[in-house]
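One-letter residues, chain by chain:
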Amino acid sequence: MKLLNEEVRAQLQQVFENMKTDVTIALFTKESECETCKETDSFLNELIETSDKLHLKHYDLDENEDIAEKFQVNVVPAIVLLNHQEEYQRIKFNGIPAGHEINSFVKGILEVSGAGVPLPEAVAERLSAITKPVNIKVFVTLGCPHCPGAVEKAHKLALMNPHVEAEMIEAQTFYDLSEKFNVSSVPKVVINDQYEFVGNQSLEVFMEEIEKTQMTVQ
Amino acid sequence: MDLQLDIGLMNHTKDNSSSQILPDYVDVAIIGAGPAGLSAGIYAQRKGLKTIVIGNSTGGQVNDTSTVENYPGFSSLSGESLAHKFYDHAISLDIPVIKETKVVDINVQNKVKLVKMDNGNSIRAKAIIIATGSNHRILGVKGEDRLAGRGVAYCAICDGPLFQGREVIVAGGGNAAVEAAIDLSKIAKKVSIVHRSIFRADQILIDHMKKLQNIDVYLKTQILEVLGENRVTGVRVKSKNTKVEQIIQAEGVFVEVGYTPNSSLVRDIVEINGRGEIKIDSKMQTSVPGIFAAGDVVEGPYKQIVIAAGDGAKAALSANEYINHLSNEEELNNEIA
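Cut-offs and rules
Residues numbered from 1 in each chain as written. Chains lettered and ligands numbered in written order. Predicted model: local features only at pLDDT ≥ 70, side-chain atom pairs only at ≥ 80, totals over all residues. Heavy atoms only, no water. Helix = DSSP H or I, 4+ residues; strand = E, 2+ residues; numbered from the N terminus. Contact = heavy atoms within 4.5 Å. Buried < 20%, exposed > 50% of the residue type's maximum accessible area, 1.4 Å probe, protein only. Pairing = 2+ DSSP bridges. pLDDT = per-residue confidence, 0-100. Core = buried A, V, L, I, M, F, W, Y, C linked by side-chain atoms within 4.5 Å. Phe/Tyr/Trp six-rings, centres within 6.5 Å; stacked < 30°, edge-to-face > 60°. Buried area = accessible area lost by both parts, 1.4 Å probe. Salt bridge = Lys/Arg side-chain N within 4 Å of Asp/Glu carboxyl O. Polar contact = N/O pair within 3.5 Å; in protein donor to acceptor, adjacent residues only side chain to side chain. Nonpolar A, V, L, I, M, F, W, Y, C, P; charged D, E, K, R; others polar. Disulfide = S-S within 2.5 Å. Expected span 1.5 Å × (residues − 1).

K.L.:
So what exactly am I meant to see when it comes to the environment of A:Thr131 here?
P.N.:
All names here are of chain A. When you line up the elements, Thr-131 lands in the loop between helix 5 (121-128) and strand 5 (134-140). For the pair Thr-131 and Asn-161, spaced 30 residues apart in the sequence, the C-alpha separation amounts to 8.6 Å. Here Thr-131 is in contact with His-163 and Gln-214, once residues within four sequence places are set aside.

Here you go:
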């Protein structure tokens, strides 16, 4: 099944013209027990054709254990965006970023390629004070128009601070994880598996929850 | 899982808010970037007014609608596509649209009004159009607040997929409720639609819904309580006819009981009716000269996309007339300078 029609392809080509540096998309899959791995793979193959700056690398979660660990990948399909030096940027997509989520995926690629927009000064200042590890999970569904906004914010925060990592989690694909975190409305944001909120909230709300993780003894 | 790409990209391809320096003053500042606000923007800009649109949700509630089938010219398209079309149209006219920005205060003491935003910026305007729309109304019953995000949901297209193979309840009887029930019937095992009165949705939607096997309809039935400890387990309802109470079991409750106007910004500035809607005259002017209002936030029945867009046009034309007739231009220009 082709996911990119002519119109979308043309739009993507135009958008990716803004990319400053190359971006490598690292895709982790598994031979068995992965319903959406094939679809994700063919989707990414179609996508990288829209720009010379995009590259796709395939990894197997079991066979490439060391690389998976380096990027902290533990589910499939998972997508990690790497910069032009193929360095980990602490942003991930667990599950296929199709449907509405294509928007956060495209934005993530642009950010990693150096074509992002700066954070508001006040937020950047608060973020620079974060020195203990922060993990942000953003649970989404593909039909949710508010979800890409939350994913983009989480990813942006991760890109701007080496102690922060952020991951999109497609709630239907990762049903058990959604159950574990009581996800019944999306976007749902969970920080360090402990603090949470629902909705595409402002960067200030993200920061408030993130700052809570800095007070506790780790 | 529907993988169909729903590409917005409006943040990337065309965006003239970040590249432009915020003007110091405008003829008309439009607060809200839904159908009413963007339509007002298009009309104002085409009249030659110096226009700005400030909104925290581009497209507004249209984004939450899976399919729009009653906007003339488009027999069927997704809510978000329609929102993009409105936005693209506005952008094609070079209207600055300040996105993801809330207006926190407006000062109308002088003829030249001051609009303050949450990013610390402010802008002066000869006229203001309030098009801040509305938000989901809550049921207002016991258990709803406690179980929000734990089975109580307000966006069927967002949260529907999380209830695959489960039983859900839709509360409400308007178009949004019936559409939600139809959408959810494709995912859930069973959908019970519960409404305190009779349906007020379009007949075409009701007919469609009645053909679906897995939808139960409870009319003239009041929801008294949402049940569940940590997650929703059902609702307690009471039939208005028989006065009998019963429990309908479900793991999700989708609340689609209408909207509540976002009028708090101007609550103490312009006249508001008992439902919280802004009072307007036939030309969309509020009780304060130079402040106009349009869309879901104004008084009147039938909250519809096409009506909001029409309101926006009226408000912009009316603002144009107001600006042209401002009595003492010289004094005004002094204020601006």
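From this point, the discussion proceeds with the structure in view.
K.L.:
Which parts of the structure should I look at to understand the pairing of strand 17 (residues 252-255) of chain B?
P.N.:
Remark: a regular strand shows side chains that alternate across the two faces of the sheet. Residue and element names in this part refer to chain B. Burial of strand 17 is two-sided: the residues Gly-252 and Phe-254 facing one way and the residues Val-253 and Val-255 facing the other way are all buried. The sheet contact formed by strand 11 (residues 167-171) and strand 17 spans four bridges and is parallel. Counted as the bridge partner of Val-168 is Gly-252 from strand 17.

K.L.:
Even after reading the chapter, I still don't get the confidence of the model for chain B, so can you show me in this structure?
P.N.:
Residues and elements named next belong to chain B. Of the residues in chain B, 92% have a pLDDT of 70 or more, and the chain-wide mean is 91. Segment residues 10-19 is flagged for pLDDT under 50; beyond a separation of four residues in sequence, or across chains, it makes 28 contacts in the model. Across the whole predicted complex the pTM is 0.82, and at the interface the ipTM reaches 0.82.

K.L.:
In this structure, what is going on with the nonpolar core? I would like to understand it.
P.N.:
Grouped burial of nonpolar side chains is what soluble globular proteins tend to show. Residues A:Ile25, A:Leu47, A:Leu81, A:Ile109, A:Ile136 and A:Leu157 are the most contacted members of the largest nonpolar core, which totals 91 residues. Of all the elements, helix 6 (residues 147-160) of chain A adds the most residues to this core, at seven residues. The residues contacting A:Ile109, other than those within four sequence positions of it, are A:Phe16, A:Met19, A:Val23, A:Ile25, A:Leu47, A:Leu54 and A:Leu81. With 60 residues, the next largest nonpolar core counts B:Val28, B:Ala131, B:Ala293 and B:Ile323 among its residues.

K.L.:
Teacher, can you tell me more about the packing of aromatic side chains here?
P.N.:
For any pair of aromatic rings, the description rests on two quantities: the centre-to-centre distance and the angle between the ring planes. As enumerated under the stated definition, the model contains 11 aromatic pairs over all chains in all. Centre to centre, the rings of A:Phe139 and A:Phe181 are 5.8 Å apart; their planes meet at 45 degrees, and the pair counts as tilted. Linking A:Phe139 in strand 5 with A:Phe181 in the loop between helix 7 (175-180) and strand 7 (188-191), this pair joins segments that are 42 residues apart in sequence. The class for A:Phe181 is buried, based on a relative accessible area of 8%. The interplanar angle of 70 degrees and the centroid separation of 5.5 Å between the aromatic rings of B:Tyr71 and B:Phe86 together place this pair among those described as edge-to-face.

K.L.:
So what exactly am I meant to see when it comes to unusual backbone geometry here?
P.N.:
Trans peptide bonds make up the majority, and among non-glycine residues the majority have a negative phi. Following A:Val76, the chain continues to A:Pro77 via a peptide bond in cis, the omega torsion being -5 degrees. With omega at -5 degrees, the peptide bond leading from A:Val186 into A:Pro187 counts as cis. Assignment of secondary structure puts A:Pro187 in the loop between helix 7 and strand 7. Positioned with a positive phi, B:Tyr302 is a non-glycine residue whose angle comes to about 60 degrees. As for its placement among the helices and strands, B:Tyr302 is situated in the loop between strand 19 (291-293) and helix 6 (305-325). Judged by relative accessible area, which is 63%, B:Tyr302 ranks as exposed.

K.L.:
Help me understand the interface of chain A and chain B in this model?
P.N.:
Where interface size is quoted, it is often the accessible area lost as the parts come together. Every contact between the two is made by 41 residues of chain A and, on the other side, 31 residues of chain B. For the pair chain A and chain B, the summed buried surface comes to about 3,000 Å²; carbon and sulfur atoms form 56% of the total. Per-residue buried area on chain A facing chain B is highest for A:Gln172, A:Asn182 and A:Ser184; these three make up 20% of the total on that side. Seen at the junction of chain A and chain B, the total is three salt bridges. Residue A:Lys153 pairs with B:Glu100 through a salt bridge whose shortest N-O separation is 3.8 Å. At the boundary of chain A and chain B, one finds 11 residue pairs in polar contact (both at pLDDT 80 or more). Every element with two or more residues in the side of chain A that touches chain B is listed here: helix 1 (6-16), helix 2 (37-48), helix 4 (102-112), helix 6 and helix 7 of chain A. In the side of chain A that touches chain B, the residues fall into 19 nonpolar, 15 polar and seven charged.

K.L.:
Just checking my understanding: could you explain the state of the cysteines for this structure?
P.N.:
Chemically, a disulfide is nothing more than a covalent bond linking the sulfur atoms of two cysteines. Per the counting criterion, the structure on display carries three disulfides over all chains. A:Cys34 shares a disulfide with A:Cys37; S-S distance 1.9 Å. Residues A:Cys34 and A:Cys37 are joined through a disulfide that is right-handed, its torsion about the S-S bond being 90 degrees. Just as A:Cys34 is buried, A:Cys37 falls in that class too. Across a sulfur-sulfur distance of 2.3 Å, B:Cys155 and B:Cys158 are joined as a disulfide pair. Residues B:Cys155 and B:Cys158 share a disulfide whose torsion about the S-S bond is about 60 degrees; that sign makes it right-handed.

K.L.:
When you look at helix 2 (residues 79-92) of chain B in this model, what are you seeing that I'm missing?
P.N.:
Since the α-helix packs 3.6 residues into each turn, any two residues three or four apart lie on the same face. Residues and elements named next belong to chain B. Between its first and last C-alpha atoms helix 2 spans 20 Å; for 14 residues at 1.5 Å apiece the expected length is 20 Å, and the two agree. Turning to helix 2, its buried residues are Gly-79, Glu-80, Leu-82, Ala-83, His-84, Phe-86, Tyr-87, Ala-90 and Ile-91. In this fold, the buried residues of helix 2 make contact with helix 1 (35-46), strand 3 (67-68), strand 4 (77-78), strand 5 (97-98) and helix 6. The positive-phi residue at the C-terminal boundary of helix 2 is Asp-94, with phi of around 60 degrees.

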